[in-house]
Amino acid sequence: MPLNQGLVLYLPLWSGDLQGTSLSSEDNYRHSCSVVGATQTNTGRDFDGINDSITVPDNAAFAFGSGDFTWGIWLKPSTYTGLRILAKGAPWVISQNSAGGNFAFRVREDASNVYFANNSFTVSVDEWAQILCTRGGSSITVYKNAVKDTLSVIQNVGAGVNSNITNSNPIVIGAEIAPSTNNWAGRIGEVWFYNRTTTSTEVTQNYNLTSPNYASGDNRFGIIGDTKWGFFAWA
């Protein structure tokens with residue numbers, strides 16, 4: 001399956017086409033995003049952990065309900081803040097724990113329907129890593145650098161993994177509520193969402209395609225084309 005199949009959000013934050021404080025995502029939806037702080041570098045955007053964030057407005061494309069989805073991100077923490085990396089209100093949250101640098105993943109419909117788990121891998125300060133979370137059927141799978149990880153479940157009640165996460169909140173990158181609630185500190189290179197699960201083969205393809213950007217800082221080839229120089233082929 002092509003890597004742009006089911007792609008509903010793609011933000012290569014190093015792209016020359018995504019400069020400034022107002023930008024459009026490089027997917028078919030062209031979401032209009034707003035930036036507070038988060039200065040651009042050649043490998044992504046820097047978040048200061050105080051009041052930097054990127055906001056993507058709500059869209060029907062993000063109404064995953066209780067169905068499949070994939071969230072992915074390239075990141076490099078500058079400290080362990082224990083705060084939010086990605087959030088769409090309370091129903092979607094990815095955060096990095098302040099003790100040890102591992103991650104927490106939550107899907108939540110309400111207090112009676114929630115799944116909350118920690119993973120076992122860590123991402124060290126100043127380490128680039130690709131983190132990917134996918135829900136398929138009644139399971140959630142997490143990868144670091146295309147390697148599947150184990151999850152330690154903290155809470156799994158009601159619908160649990162299949163909690164309905166559709167809501168009207170915007171997606172916030174680098175904070176929980178833009179611009180200055182529970183902010184994360186570090187650099188984020190790319191963010192992408194699919195409205196489907198992704199296979200382990202696709203996860204590996206994605207990693208192999210994008211990882212040179214963070215090894216050398218000069219390849220600039222994204223998951224759907226050379227977005228740095230505008231050779232994006234619309235699906």
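Bear in mind the structure is a predicted one, so any value in this text is a computation, not a measurement.

## Quick notes on the overall build of the protein
Move 1: Summing up its helical and strand segments, the protein has 2 helices and 17 strands in all.
Move 2: When each of the 235 residues of the protein is scored for burial, the buried share is 53%.
Move 3: In the protein, of all internal contacts separated by at least 6 residues, the share reaching a separation of at least 24 is 65%.
Move 4: Put simply, the protein shows about 9000 Å² of open surface, and 48% of that area lies on carbon and sulfur atoms.

## Some thoughts on the environment of Thr 141
Move 1: Looking at the secondary structure, you find Thr 141 in strand β13 (residues 139–144).
Move 2: Note: C-alpha distance between Thr 141 and Leu 151 (10 residues apart in sequence) is 8.0 Å.

## Here's the deal with the pairing of strand β10 (residues 103–110)
Move 1: With 5 bridges connecting them, strand β9 (residues 92–96) and β10 associate as antiparallel partners. Counted as the bridge partner of Gln 96 is Phe 103 from β10.
Move 2: As defined by bridge partners, β10 adjoins strand β11 (residues 113–119) across 6 bridges and the pair is classed as antiparallel. From the neighbouring strand, Val 107 faces β11, where its bridge partner is Tyr 115.
Move 3: Between the antiparallel neighbours β10 and β11 lie 2 residues.

## Things to note about helix α1 (residues 200–210)
Note that an α-helix has 3.6 residues per turn; residues three or four places apart therefore point the same way.
Move 1: All buried positions along α1 are accounted for by Glu 202, Val 203, Asn 206 and Thr 210. Buried residues of α1, seen end-on, are gathered within an arc of 105° and therefore sit on one face of the element.
Move 2: Structurally, α1 contributes buried residues whose contacts are with β7 (69–77), β12 (129–136), β13, β17 (185–194) and α2 (212–215).

## Here's the deal with the nonpolar core
Move 1: If you look at the biggest cluster of nonpolar residues, it comprises 43 residues, and the most contacted ones within it are Leu 11, Trp 71, Ile 173, Ile 188 and Phe 193.
Move 2: If we ignore the near neighbours within four places in the chain, the residues touching Phe 193 are Gly 6, Leu 7, Val 8, Leu 9, Phe 62, Thr 70, Trp 71, Leu 86, Trp 92 and Ile 171.
Move 3: Judged by nonpolar contacts, the second largest core, of 13 residues, contains Leu 7, Trp 14, Tyr 143 and Tyr 194.

## Some words on unusual backbone geometry
Move 1: In this structure, Arg 30 takes a positive phi of about 50° despite not being glycine.
Move 2: Turning to its location among the elements, Arg 30 is positioned in the loop between β2 (22–24) and β3 (32–36).
Move 3: Note on Arg 30: relative accessible area 38%, which makes it partly exposed.
Move 4: Look at Ala 146: it is not a glycine, yet its phi comes out positive at around 70°.

## Side note on the sheet that holds β10
Move 1: If you walk across this open sheet you meet the 9 strands as β2-β3-β6-β16-β8-β9-β10-β11-β15, and the pairing is antiparallel. In the strand order of this sheet, the two ends are held by β2 and β15 (151–157), each with one partner. Across this sheet, the average inter-strand angle for adjacent strands is 15°, counted without regard to direction.
Move 2: With 3 bridges joining them, β3 and strand β6 (residues 53–56) adopt antiparallel strand pairing. What sits directly across from Val 36, in β6, is Ser 53.

Criteria and thresholds
- Numbering of residues starts from 1 in every chain and runs along the sequence as written.
- Where local features are concerned, this predicted model is filtered to residues with pLDDT of at least 70; where side-chain atom pairs are given and counted, the filter is 80 or more; whole-chain, interface and lining totals use all residues.
- Each side-chain value is worked out from all heavy atoms of the structure, with water and hydrogens disregarded.
- Going along the chain from the N terminus, every DSSP run of H or I of four or more residues is numbered as a helix, and every run of E of two or more is numbered as a strand.
- Burial status follows relative accessibility: with a 1.4 Å probe on protein chains alone, a residue under 20% of its type maximum counts as buried, one over 50% as exposed, and anything between as partly exposed.
- Residue contacts are counted whenever heavy atoms from the two residues lie within 4.5 Å of one another.
- Using a 1.4 Å probe, accessible areas were evaluated by the Shrake-Rupley method; residue-level cover was limited to the displayed protein chains.
- Following DSSP output, two strands are said to pair if at least two bridges run between them.
- Note that the arc is computed from the directions linking the helix axis to the C-beta atoms.
- Here the nonpolar core consists of buried residues drawn from Ala, Val, Leu, Ile, Met, Phe, Trp, Tyr and Cys, with membership extended through side-chain atoms lying within 4.5 Å.
- Inter-axis angles, ranging from 0 to 180 degrees, are taken between N-to-C directions of lines fitted to C-alpha atoms, where helices are fitted over the stretch in contact.

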